[in-house]
Amino acid sequence: MTNVAANIAGVRERIGRAASRAGRDPNGVLLLAVSKTHPAEAVEAAYAAGQRDFGENYAQEARQKAGAVRHADVRWHFIGHLQTNKVRQIAPFVSVIHTVDSERLAAEIARRARGAGRETDVLLQVNVAGETQKSGCAPDEAEAIARVVADLPGVRLAGLMTMPPLAPPERTRPHFRRLRELRDGIARRLAMPLPDLSMGMSDDLEVAVEEGATIVRVGTAIFGARETA
Ligand SMILES: *Cc1c(COP(=O)(O)O)cnc(C)c1O
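Residues numbered from 1 in each chain as written. Predicted model: local features only at pLDDT ≥ 70, side-chain atom pairs only at ≥ 80, totals over all residues. Heavy atoms only, no water.

Chemist: How would you summarise empty space enclosed by the protein if you had to cite specific residues and measurements?
Modeler: For the structure shown, the criterion picks out one cavity of 30 Å³ or more. If you go around the largest cavity, the residues you meet are Gln125, Val126, Asn127, Val128, Lys134, Ser135, Thr162 and Met163. Classifying every residue of the lining of the largest cavity by side-chain character gives three nonpolar, four polar and one charged. (1 Å grid on protein atoms, 1.4 Å probe; cavity = no way out; pocket = protein on both sides within 12 Å on 5 of 7 lines; lining within 4 Å. Points joined across faces, edges and corners; volume = space filled by probe spheres on them. Nonpolar A, V, L, I, M, F, W, Y, C, P; charged D, E, K, R; others polar.)

And the structure:
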């Protein structure tokens, strides 16, 4: 049996140690519990342990789970690749979408958020390493997209997200640093705060926190291994 409460405590400790190494306040790092493939019961166990932010990757699964978990203070984050035609399914309940990588997708999210009477936080997903086959905009496209998204009513551009190539944590550090530098530059040139950096997962969250992550997305270290399809 996975002890979700103990795992959350362990992850919070890891965040705390990394934050203090970096001279940061651990409260400046949001722990996002990635519940994809795990049942609503797992979300309930985490909720009982004080967890409020949950991440999902698939629109239909997210919608079902959001329907099953009925706490008004849960915040759902969408962190999977998002097709424009799926936005409608998640717009009514999602608080944050981490995977915006085009103006077209952002415009659809904004339209659906307004239709649902909401404002949705969005992050631009950047393919920092320029991997083929990977979602996310190119680093040199990010600023132009950010400019457009920042002006869309219905969404609030909160920052950037990345999912670097799978590698040992120290090999990932340059990619996290690059995302932070990209964010700093865009925020300065657009003269707007872009507070959030969504980066780091179960295996490399310490490095991400040291490089400035404000949201770490953690699945396995909280809920245990996922069954592979
Ligand atoms: C699944 C997933 C995670 C969580 O990964 P773990 O290694 O299980 O912590 C984080 N971010 C994204 C985008 C994911 O798809």
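Chemist: Summarise the site of the ligand; cite the residues concerned and give the values.
Modeler: Lys36, Asn57, Ser202, Thr220 and Arg226 are the nearest of the 13 residues found near the ligand. Ser202 places a polar side-chain atom, nitrogen or oxygen, 2.5 Å from an oxygen atom of the ligand. Within the side chain of Thr220, a nitrogen or oxygen atom sits 2.6 Å from an oxygen atom of the ligand. Contact with the protein chains covers 91% of the free accessible surface of the ligand, which is 390 Å². Its atoms largely coinciding with the cavity grid, the ligand occupies the largest pocket. Among the residues making up the shell around the ligand, the classes are represented as six nonpolar, four polar and three charged. (Near = heavy atom within 4 Å. Polar contact = N/O pair within 3.5 Å; in protein donor to acceptor, adjacent residues only side chain to side chain. Areas by Shrake-Rupley, 256 points an atom, 1.4 Å probe, with all protein chains shown as cover. Sits in = over half its atoms within 2 Å of the grid points.)

Chemist: I'd like a rundown of the layout of surface pockets, residues and numbers included.
Modeler: Regions of empty space are outlined by a rolling probe, equal in size to a water molecule, passed over the atoms. The calculated volume of the largest pocket comes to roughly 610 Å³. Lining the largest pocket are 26 residues, and of these Lys36, Met163, Leu166, Met201 and Arg226 sit closest to its centre. Looking at side-chain class alone, the lining of the largest pocket contains eleven nonpolar, eight polar and seven charged residues. Arg12, Ile15, Pro26, Asn27, Val29, Leu30, Leu31, Gly50, Gln51, Arg52 and Asp53 are the residues that line the second largest pocket. Of the residues assigned to the lining of the second largest pocket, the class counts are five nonpolar, three polar and three charged.

Chemist: Describe the side chain of Arg183, naming the residues involved and giving the relevant values.
Modeler: Looking at where Arg183 falls in the secondary structure, it is placed in helix α7 (residues 169-190). Among the residues examined, Arg183 registers a relative accessible area of 13% and is labelled buried. In this structure the side chain of Arg183 is engaged in a polar contact, spanning 3.0 Å, whose partner is the backbone oxygen of Leu194. Residues in contact with Arg183, not counting those within four places in the same chain, are Leu160, Leu194, Pro195, Asp196 and Leu197. (Helix = DSSP H or I, 4+ residues; strand = E, 2+ residues; numbered from the N terminus. Buried < 20%, exposed > 50% of the residue type's maximum accessible area, 1.4 Å probe, protein only. Contact = heavy atoms within 4.5 Å.)

Chemist: Tell me about the packing of aromatic side chains, residues and numbers included.
Modeler: According to the stated counting rule, one finds one aromatic pair in the structure shown. Judged by centre distance (5.9 Å) and plane angle (40°), the ring pair of Phe54 and Trp76 falls under tilted. Placement of the pair is Phe54 in strand β2 (residues 53-56) and Trp76 in strand β3 (residues 75-78), with a sequence separation of 22 residues. Each member of the pair, Phe54 together with Trp76, is buried. The lysine or arginine in question, Arg52, covers the ring of Tyr47, its NZ or CZ lying 3.6 Å from the ring centre. (Phe/Tyr/Trp six-rings, centres within 6.5 Å; stacked < 30°, edge-to-face > 60°. Lys NZ or Arg CZ within 6 Å of the ring centre and 35° of its normal.)

Chemist: An account of unusual backbone geometry is needed here, citing residue identities and associated values.
Modeler: The bulk of non-glycine residues show a negative phi, and the bulk of peptide bonds are trans. Positive phi is not limited to glycine here, since Thr37 has a value of about 70°. Counting through the fold element by element, Thr37 comes out in the loop between β1 (30-34) and α2 (40-48). Despite not being glycine, Ala191 has its phi angle at roughly 50°, a positive value. Relative to the elements of secondary structure, Ala191 occurs in the loop between α7 and β7 (196-198).

Chemist: With reference to specific residues and values, describe helix α1 (residues 4-21).
Modeler: The end-to-end C-alpha separation of α1 is 26 Å, in line with the 26 Å expected for 18 residues at 1.5 Å each. Regarding α1, the residues found buried are Val4, Ile8, Val11, Arg14, Ile15, Ala18 and Ala19. Looking straight down α1, one finds that the buried residues subtend no more than 130° of arc, so they occupy a single side. The exposed residues of α1 that point more than 90 degrees off its buried face are Ser20 and Arg21. As for α1, its buried residues are in contact with β1, α2, α8 (205-210), β8 (215-218) and α9 (220-223). The distance from a side-chain oxygen at the start of α1 to the backbone nitrogen of Ala5 is 3.3 Å, and the residue carrying that oxygen is Asn3. (Expected span 1.5 Å × (residues − 1). Arc of directions from axis to C-beta.)

Purely spatial values, then, with no claim about function.
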